[in-house]
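Geometric and topological summary
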Amino acid sequence: MWFGQEAVRVRAGRKSDRGNPDGTVLDWSPGAVDRAVLPPLNIQPRIQTETAGPERTEAVTGWRVQSDEGVDLDVTELDRVEWNGLLYEVDGDVARWPDPIAGGIHHVEFNLRRVTG
């Protein structure tokens, strides 16, 4: 029950442009992204803030994501995650915690962030 939320990892494709002919520019267009369903996750609230400015109010929502024990995730800090009908950016590094007894991955943790306004 702790690991029951479903999410999709969205990874940008690569493209070239005049300044970067080697294909290092991220391409978030719908036909270029790679989508993969992630294993069931534990997603919990982390932060919610609002900042009112003269032109707009900015809202930041953040979530903490954790995989089940023994489950590695194909997620990097450059990815986005679609969850609960919204698209979030991976915020910071993806932590892969080692299993001190059995070796390998114990679990994976990372943060999601969405800014609106």
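Overview of the structure. (Residues numbered from 1 in each chain as written. Predicted model: local features only at pLDDT ≥ 70, side-chain atom pairs only at ≥ 80, totals over all residues. Heavy atoms only, no water.)

Section: the side chain of N42
With respect to the helices and strands, the residue N42 is situated in strand β5 (residues 41-52). With a relative accessible area of 10%, N42 lands in the buried category. Reaching out from N42, the side chain makes a polar contact with the side chain of Q44 at a distance of 2.7 Å. Those residues within four positions of N42 in sequence are excluded, and the remaining contacts are W2, F3, Q5, R64, V65 and Q66. (Helix = DSSP H or I, 4+ residues; strand = E, 2+ residues; numbered from the N terminus. Buried < 20%, exposed > 50% of the residue type's maximum accessible area, 1.4 Å probe, protein only. Polar contact = N/O pair within 3.5 Å; in protein donor to acceptor, adjacent residues only side chain to side chain. Contact = heavy atoms within 4.5 Å.)

Describing the pairing of strand β1 (residues 7-11)
With respect to burial, β1 is a largely interior element, four of its five residues being buried. Of the strand pairs in this sheet, β1 and strand β4 (residues 34-37) are connected by four bridges, and their pairing is antiparallel. Bridged to R11 within β4 is D34. (Pairing = 2+ DSSP bridges.)

Here's the deal with the sheet that holds strand β8 (residues 86-98)
Read from one edge of the open sheet, seven strands run β4-β1-β7-β8-β9-β6-β5, paired in antiparallel fashion. Edge positions in the sheet fall to β4 and β5, since each of these pairs with one other strand and no more. Here the strands of the sheet are splayed against their neighbours by 30° on average, with no regard to which way each runs. Here eight bridges tie strand β6 (residues 57-67) to strand β9 (residues 105-116), and the two strands are oriented antiparallel to one another. Across the sheet, the residue bridging to T61 is R114, located in β9. (Axes fitted to C-alpha atoms, helices over the stretch in contact; angles between N-to-C directions.)

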